[in-house]
Amino acid sequence: MINVTQFVKPDSLPSALEELNREGSIALAGGTSLSLSKSKKYTKVVNLSNLTELKKIETKNNRLEIGAMVSMTQLAEVEDSPFPILRKTASSIYSTAIRNMTTVGGEIAKGVYWVDLPVTLLALDTQVLLQNSSSSRTVALSEIYNSHPSKFINSNELITKIFIPLQKSTSSFHKFTKTQVDYVLASAAGKAVKDGNIIKQINLSIGGVTPLPCLLPQVSSQLVGKKITDEIIEEVSTECCKEIKFKPDFRASTEYQKSLIKVMISRVLQDLQS
Amino acid sequence: MNKKGLDQGKPRPDAKAKATGKALYVDDIKFPRMLHGYIFSSPLASAKLEKLDIAKAKAAPGIHTILTADNLPGSNRIGMIFDDEELLVSSRVRMSGDRLALIAAETQLQAKKAAELINLKLQETPGVYDCREALSPSAPQIHPEGNVFKEFNVRRGNLDETVLSSDIIIEEDYEIGGQEHAYLETQGTIAVPQADDSWHIYSTTQCPYYIRARVSRFLGITQNKVRVFQTVTGGAFGGKEDFPDEPALCATALAKATGRPVKVIYPRKYDMQSSTKRHSMKIKHKLFATKQGQIKGVKLDIDVDAGAYAGLSTVVAERANISSVGPYDIPNIQVKTKVIYTNNLYGGPYRGFGAPQVSAVHEAQIDKLARTVGKDRIEIRRINGMSAQKRKFASGEELAQPHLYQELLNKLEKISKWRTHLQPPSRGNLKEGIGIGTMIYGVNLHWGGQRLDRGAAYLVLLNDGSISLAVGVTDMGQGANAAMRTICAAALGISEDLIQISEVDTDKVPDSGPTVASRATMSGGRAVIDAVNRLKPKLDKIAAQMLDCEDPGQVECKDGIYQTKSNQTKTVSFEKVVEELYLRRINPAAIGWYRSEPRQYDPETGQGKAYAFYAFGGHVTRVQVDTDTGRVNVLETTAVHDVGKIINYQGIKGQVHGGTVQGLGWALMEEFKLNKGKMMNAGFSDYLIPTSMDMPEKLNMDFIEEPQPQGPFGAKGIGEPSFISVGASVISAVSHALNQDLKILPLTPQNIVESIRKND
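What you see is a predicted model, and the numbers here were worked out from it, not measured in a lab. (Residues numbered from 1 in each chain as written. Chains lettered and ligands numbered in written order. Predicted model: local features only at pLDDT ≥ 70, side-chain atom pairs only at ≥ 80, totals over all residues. Heavy atoms only, no water.)

Overview of the domain arrangement of chain B
Residues and elements named next belong to chain B.
1) Next: When cut into domains, chain B gives domain 1 (16–125 + 184–235 + 240–274), domain 2 (281–447 + 601–759) and domain 3 (454–595).
2) Next: On a C-alpha basis, the centroid separation for the pair domain 1 and domain 2 is 36 Å.
3) Next: Each side of the interface is counted separately: domain 1 has 22 residues, and domain 2 has 23 residues.
4) Next: Contact between domain 1 and domain 2 buries roughly 2000 Å² in total, counting both sides, with carbon and sulfur atoms accounting for 59%.
5) Next: Put simply, domain 1 and domain 2 have 1 salt bridge between them.
6) Next: Put simply, Glu-124 and Lys-676 hold a salt bridge, and the shortest N to O gap is 3.2 Å.
7) Next: Inspection of the domain 1/domain 2 interface yields 10 residue pairs in polar contact (both at pLDDT 80 or more).
8) Next: If one sorts the elements of the side of domain 1 that touches domain 2 by residue count, helix H7 (residues 268–274) sits on top with 5 residues.
9) Next: Considering only residue class, the side of domain 1 that touches domain 2 consists of 8 nonpolar, 4 polar and 10 charged. (Domains from an automatic or database assignment. Contact = heavy atoms within 4.5 Å. Buried area = accessible area lost by both parts, 1.4 Å probe. Salt bridge = Lys/Arg side-chain N within 4 Å of Asp/Glu carboxyl O. Polar contact = N/O pair within 3.5 Å; in protein donor to acceptor, adjacent residues only side chain to side chain. Helix = DSSP H or I, 4+ residues; strand = E, 2+ residues; numbered from the N terminus. Nonpolar A, V, L, I, M, F, W, Y, C, P; charged D, E, K, R; others polar.)

Structure, rendered in structure tokens:
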């Protein structure tokens with residue numbers, strides 16, 4: 001950020017998008033990642049903190065709409081949330097000071113292995129609204145993460161909202177860190193739509209062990225039409241590691257991270273079982 | 001008056017300035033025309049320097065000078081005990097972070113940008129990164145003298161056939177990790193050349209007299225030409241004993257070359273990579289005992305990874321060596337400690353000085369003995385631990401207060417409710433356990449360092465009755481100045497508010513040795529009392545005359561009021577007595593001095609009087625272990641310490657809290673991730689230290705107060721004892737929870753899971 005010479009704070013979304021349309025501009029949401037950036041390509045910082053329209057959480061059109069500037073603290077404090085795992089996930093992130101700053105849009109856009117919220121959002125079939133000054137598009141979060149946010153989202157585009165379909169389902173999130181404020185070493189989330197005890201549809205996702213959080217479509221599909229039993233949990237949690245390309249991590253051995261993923265997936269499935 | 005300590009219940013003298021952000025740390029201080037220094041260092045740990053071209057960097061904006069080994073304006077050969085280090089590498093790199101060039105610029109940023117223009121070529125050479133591998137004759141030799149550069153021994157009794165054929169023999173190999181000091185304020189110095197060719201050095205340090213000696217040697221000038229001002233110091237823990245000399249020499253070299261003041265502040269990442277660390281050790285322990293659990297003998301081999309340079313590793317190893325048997329009177333002892341060069345991080349002093357590592361091992365072994373012979377872990381310590389009957393330390397000397405160890409065990413057992421936690425609940429993957437660790441610590445310097453065991457205080461009575469007090473021991477955040485103020489006030493019988501004390505200035509008081517080894521209260525306090533004793537007879541005499549009392553021995557000062565012991569109706573204030581002292585033109589100042597009694601010790605056998613006196617301490621820790629993930633949740637800790645006399649109650653509580661928290665960090669989460677000697681986790685994002693959220697909700701503490709005659713008002717020392725037994729108590733608790741013997745620290749989640757797997 002060494003070459004930044006301009007700092008603007010627009011009062012409306014259109015003017016923010018206009019500012020971002022200019023070369024060398026970068027959006028500032030919570031700032032927890034941007035403040036550490038060593039990039040020399042930016043000359044202007046566009047502070048989004050005045051955009052109150054992006055700080056809302058609403059239920060509309062049979063889906064939960066969450067503004068991109070909603071902080072983790074805000075998300076963690078929603079009462080009667082249709083998705084309690086959003087509260088659980090948000091409240092598990094780092095420390096209070098960081099949760100006050102980190103935003104939904106920022107968590108998605110930073111595109112690093114240690115994020116937590118996208119793990120849960122992937123499991124919840126989240127759609128993302130991307131806008132620039134002249135157009136908008138809605139895409140699946142999984143599509144963005146199949147690529148990389150920095151490649152998929154154009155430099156003049158902003159994440160403005162996310163949409164989570166409201167569906168009768170059960171969901172769960174578990175993560176493992178070495179201390180309360182540590183970066184995640186392994187995490188998993190899941191959402192299941194069941195008919196009685198039988199799984200009709202299920203998403204399992206993981207984080208911490210791959211370059212970006214990802215869904216586990218293969219093991220998820222194997223669960224469809226089945227009842228979650230202890231044997232299934234053992235089988236799936238073992239099997240899922242074969243689907244994951246673990247990245248090397250100086251913080252822990254791959255063997256240990258595999259064992260953690262197995263534990264996290266087991267705990268998610270145990271929650272989905274009930 | 002605080003009923004629990006000698007203090008008057010007042011806030012620490014430094015509290016307000018620190019809490020309001022007004023305290024001036026070294027980086028807050030500026031001088032006219034001051035330049036900023038930057039250290040250009042090696043990314044590799046073992047390499048040959050092939051090219052160091054500074055031409056482009058020298059031409060960069062704002063650059064005043066760039067120094068290399070070729071143009072250094074002082075002696076390049078440095079070292080605390082062995083001159084085995086170069087200030088700037090001339091040809092061979094031995095450690096990642098070794099200095100290659102020093103840059104002085106108008107701004108820090110300019111210096112950093114210029115460093116990017118240095119053309120560096122290093123040829124990587126084979127290194128050695130394990131202290132046991134370094135023992136192999138085929139291992140790369142870090143220095144010409146060989147990788148083992150010092151050995152220490154303890155030989156007491158005889159490990160003869162009757163011992164070697166004991167019914168119970170427990171032999172284990174332990175791996176104990178190092179630790180980063182993680183002080184809040186990183187290393188930093190400002191060197192200011194003076195018009196009369198003398199030097200002022202401002203430094204965050206616990207040992208300003210070391211800096212004075214080394215700067216004078218570097219420049220080839222006498223020590224009276226160097227004046228060191230300790231700046232408000234934001235934590236040290238041993239990391240600011242010898243190491244601050246290095247930034248001080250860097251700043252001095254640049255200031256000498258430019259003729260301008262130069263500030264050198266270490267960025268956190270470089271500080272973590274290059275500064276000294278707690279030593280990692282590999283320890284083989286063999287214990288011989290009867291079926292009843294009576295220990296007949298022990299044999300230890302301690303391998304200390306010193307890293308690339310000796311520093312003070314020999315001094316740390318000396319204490320580890322003699323502390324390795326613990327608070328047990330064992331008749332037959334054989335210990336061999338090797339201090340070994342590797343290309344790893346550079347070992348140095350750290351709270352406990354090698355004692356925490358060996359304590360973790362002797363306590364794990366005695367736990368295993370308890371399990372083997374079917375006795376309770378506290379009971380086995382009662383049998384073998386020091387007592388009125390069992391009085392001898394590993395050095396063969398008889399201790400003055402050995403019975404306090406038994407009192408310590410009684411208190412730990414009672415306060416922790418030990419017996420109620422021996423069959424803890426177990427819920428699926430969550431296992432609970434309780435563990436104990438105890439220790440003995442020789443307060444003050446070892447025999448090998450007794451020449452430095454001195455202290456000075458300069459006390460001036462001002463004519464309004466206030467007092468200016470200067471001491472040679474440093475307050476590095478631990479509260480030494482509060483203790484000095486309390487001791488001075490108590491010795492004079494006045495309010496602590498009358499006493500002004502600040503950081504050390506080496507021109508104010510004579511060299512008082514290092515502020516280490518939990519000796520600040522003891523050596524500084526004794527010097528303060530000596531200064532008071534030189535002035536008080538004069539004050540008492542004047543007071544007696546003012547009170548119409550013929551015998552000065554009959555007057556006393558309490559709460560700032562003088563009166564006679566027999567007639568308490570007539571009084572005169574302390575201030576009035578001092579005013580009269582001035583009117584009579586009597587010298588109102590005194591230098592107090594302390595030195596310990598000379599001791600005899602045989603370094604060949606480790607027998608003799610190793611330390612001036614000893615303190616016991618212990619922790620009981622309760623944990624819950626998640627056996628699936630290996631994560632440990634600390635439920636409760638109990639700390640008990642034998643402190644002689646509590647000087648400042650808030651201060652001692654702070655030390656016990658701090659020592660316990662730092663100990664839990666070392667035992668559970670702090671871990672160096674090294675790749676060929678380079679620290680992969682240099683920064684607090686990845687080098688994890690405890691936060692309030694990781695701490696137990698309950699931290700119980702209690703103290704044993706039986707005065708120790710050599711200490712001020714009977715006080716011992718608490719800085720290091722508060723840390724030492726924490727690691728041992730954690731190994732004990734986790735081993736109890738898992739019902740298996742653990743032989744590694746730190747007990748990170750991964751290490752625990754791997755240990756469980758190995759045991760399956």
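On we go.
Digging into a positive patch on the surface
1) Next: Positive charge collects at one region of the surface, where Lys38(A), Lys112(B), Lys269(B) and Lys678(B) lie side by side.
2) Next: Mapped onto the fold, Lys38(A) is located in the loop between strand S2 (25–28) and strand S3 (44–47). (Patch = residues over 30% accessible without salt bridge, like charges linked within 9 Å, V, L, I, M, F, W, Y side chains within 5 Å. Areas by Shrake-Rupley, 256 points an atom, 1.4 Å probe, with all protein chains shown as cover. Lys, Arg positive; Asp, Glu negative; His and termini not counted. Charge placed at Lys NZ, Arg CZ, Asp CG, Glu CD.)

Looking at the interface of chain B and chain A
1) Next: At the junction of the two partners, chain B supplies 22 residues and chain A supplies 20 residues.
2) Next: Interface of chain B and chain A: buried area, both sides summed, is about 1900 Å²; carbon and sulfur atoms make up 61% of it.
3) Next: Counting across the chain B and chain A interface gives 2 salt bridges.
4) Next: Its salt-bridge partner being Asp626(B), residue Arg267(A) comes within 3.0 Å of it at the nearest N-O pair.

Notes on the sheet that holds strand S10 (residues 186–195) of chain A
Residue and element names in this part refer to chain A.
1) Next: Within the open sheet, the 4 strands sit side by side as S9-S10-S11-S12. Their pairing is antiparallel. Only two strands of the sheet have a single partner each, and these edge strands are strand S9 (170–176) and strand S12 (214–215).
2) Next: Pairing of strand S11 (residues 198–207) with S12, which is carried by 2 bridges, proceeds in the antiparallel orientation. Its bridge partner lying in S12, Ser-205 is registered against Leu-215.
3) Next: Where helix H11 (residues 254–273) meets the sheet, it contacts S9, S10 and S11, and its direction lies at approximately 30 degrees from that of S10. (Pairing = 2+ DSSP bridges. Axes fitted to C-alpha atoms, helices over the stretch in contact; angles between N-to-C directions.)

What to know about the sheet that holds strand S18 (residues 426–427) of chain B
Residue and element names in this part refer to chain B.
1) Next: Strand order in the open sheet made by the 5 strands is S18-S19-S29-S30-S33, with mixed pairing throughout. For this open sheet the edge positions go to S18 and strand S33 (698–704), each flanked by a neighbour on one side alone.
2) Next: Pairing analysis gives 7 bridges linking strand S30 (residues 632–642) to S33, with the strands arranged parallel. Residue pairing across strands places Glu-636 opposite Lys-698, the latter belonging to S33.

Quick look at the environment of Asp249(A)
All names here are of chain A.
1) Next: In this fold, Asp-249 is placed in the loop between helix H10 (230–243) and H11.
2) Next: Remark: the alpha-carbon pair of Asp-249 and Leu-185, spanning 64 residues in sequence, is separated by 9.2 Å.
3) Next: With residues up to four places along the chain from it excluded, the contact list for Asp-249 reads Tyr-113, Leu-185, Gly-208 and Gln-257.
4) Next: At 3.3 Å, the side chain of Asp-249 and the side chain of Lys-247 are in polar contact.
5) Next: A distance of 3.4 Å separates the side chain of Asp-249 from the side chain of Gln-257, its partner in a polar contact.

Some words on helix H11 (residues 404–415) of chain B
All names here are of chain B.
1) Next: Helix length check: H11, at 12 residues, gives a terminal C-alpha distance of 16 Å against a target of 16 Å (1.5 Å per residue), a fit within 8%.
2) Next: Those residues of H11 lying buried are Leu-404, Tyr-405, Gln-406, Leu-408, Leu-409, Leu-412 and Glu-413.
3) Next: Where H11 is buried, its residues touch helix H10 (377–384), strand S19 (430–443), strand S29 (613–626), S30 and S33.
4) Next: Looking one or two residues beyond H11, the residue adopting positive phi is Lys-417, at roughly 55 degrees. (Expected span 1.5 Å × (residues − 1). Buried < 20%, exposed > 50% of the residue type's maximum accessible area, 1.4 Å probe, protein only.)

Quick word on the pattern of salt bridges
All names here are of chain B.
1) Next: Scanning the model with the defined rule gives 64 salt bridges over all chains in all.
2) Next: The partner of Asp-702 in a salt bridge is Lys-411, with the nearest N and O atoms 2.9 Å apart. Within this pair, whereas Asp-702 is found in strand S33, its partner Lys-411 is found in helix H11, the two being separated by 291 residues in sequence.
3) Next: Look at Lys-411 and you get partly exposed, because its relative accessible area is 22%.
4) Next: When the shortest N-O distance is used, the salt bridge between Lys-698 and Glu-636 registers 3.8 Å. A residue pair is termed long-range when its members are at least 10 positions apart, and Lys-698 in strand S33 and Glu-636 in strand S30 qualify at 62 residues.
5) Next: Relative accessible area serves as the criterion here: at 45%, Lys-698 is assigned to the partly exposed category.
6) Next: We classify Glu-636 as buried; its relative accessible area is 10%.
7) Next: When salt bridges with common partners are traced through the structure, they connect Glu-172, Lys-368, Arg-371, Asp-741 and Lys-743 into a single cluster.

Observations concerning the packing of helix H5 (residues 208–219) of chain B against helix H6 (residues 245–258) of chain B
All names here are of chain B.
1) Next: Interaxial distance between H5 and H6 falls to 10 Å at its minimum, and their mutual angle equals 40 degrees. Judged on the interaxial angle alone, H6 and H5 are oblique. At the point where H5 passes H6, the crossing takes the right-handed sense. The residues of H6 that touch H5, namely those facing Tyr-210, Ile-211, Arg-214, Val-215, Phe-218 and Leu-219, are Asp-245, Ala-248, Leu-249, Thr-252, Ala-253 and Lys-256. (Parallel < 35°, antiparallel > 145°, perpendicular 65-115°, else oblique. Left-handed = near helix turned anticlockwise from the far one by under 90°.)

Regarding the state of the cysteines
All names here are of chain B.
1) Next: Using the criterion set out here, one finds 0 disulfides over all chains in the structure.
2) Next: Unpaired in terms of disulfides, Cys-207 finds its nearest cysteine sulfur in Cys-250, a separation of 18 Å.
3) Next: Overall, the relative accessible area of 1% leaves Cys-207 in the buried class. (Disulfide = S-S within 2.5 Å.)

Looking at unusual backbone geometry
All names here are of chain B.
1) Next: Following Leu-745, the chain continues to Pro-746 via a peptide bond in cis, the omega torsion being 0 degrees.
2) Next: The residue Pro-746 is located in the loop between strand S34 (744–745) and helix H18 (749–759) in this model.
3) Next: With phi around 55 degrees, Ala-182 is a residue other than glycine that occupies positive phi space.
4) Next: Inspection of the secondary structure puts Ala-182 in the loop between strand S10 (168–176) and strand S11 (188–193).
5) Next: The class of Ala-182 is buried, set by a relative accessible area of 16%.
6) Next: Phi angles above zero are rare outside glycine, and Asp-559 is one such case at about 50 degrees.
7) Next: Secondary-structure assignment places Asp-559 in the loop between strand S23 (555–558) and strand S24 (561–564).

Brief notes about the domain arrangement of chain A
How big an interface is tends to be stated in terms of accessible area lost as the parts join.
1) Next: Taken domain by domain, chain A holds domain 1 (6–47), domain 2 (54–165) and domain 3 (170–273).
2) Next: Computed from C-alpha atoms alone, the centre-to-centre distance between domain 1 of chain A and domain 3 of chain A is 36 Å.

A few points about the side chain of Thr342(B)
Residue and element names in this part refer to chain B.
1) Next: The residue Thr-342 is located in the loop between strand S17 (332–341) and helix H9 (355–373) in this model.
2) Next: Engagement of the side chain of Thr-342 in a polar contact is seen with the backbone nitrogen of Asn-344, the distance being 3.1 Å.
3) Next: With sequence-adjacent residues up to four places away left out, Thr-342 is seen in contact with Val-128, Asp-130, Cys-131, Ala-134, Ile-142, Asp-305, Gly-307 and Ala-308.

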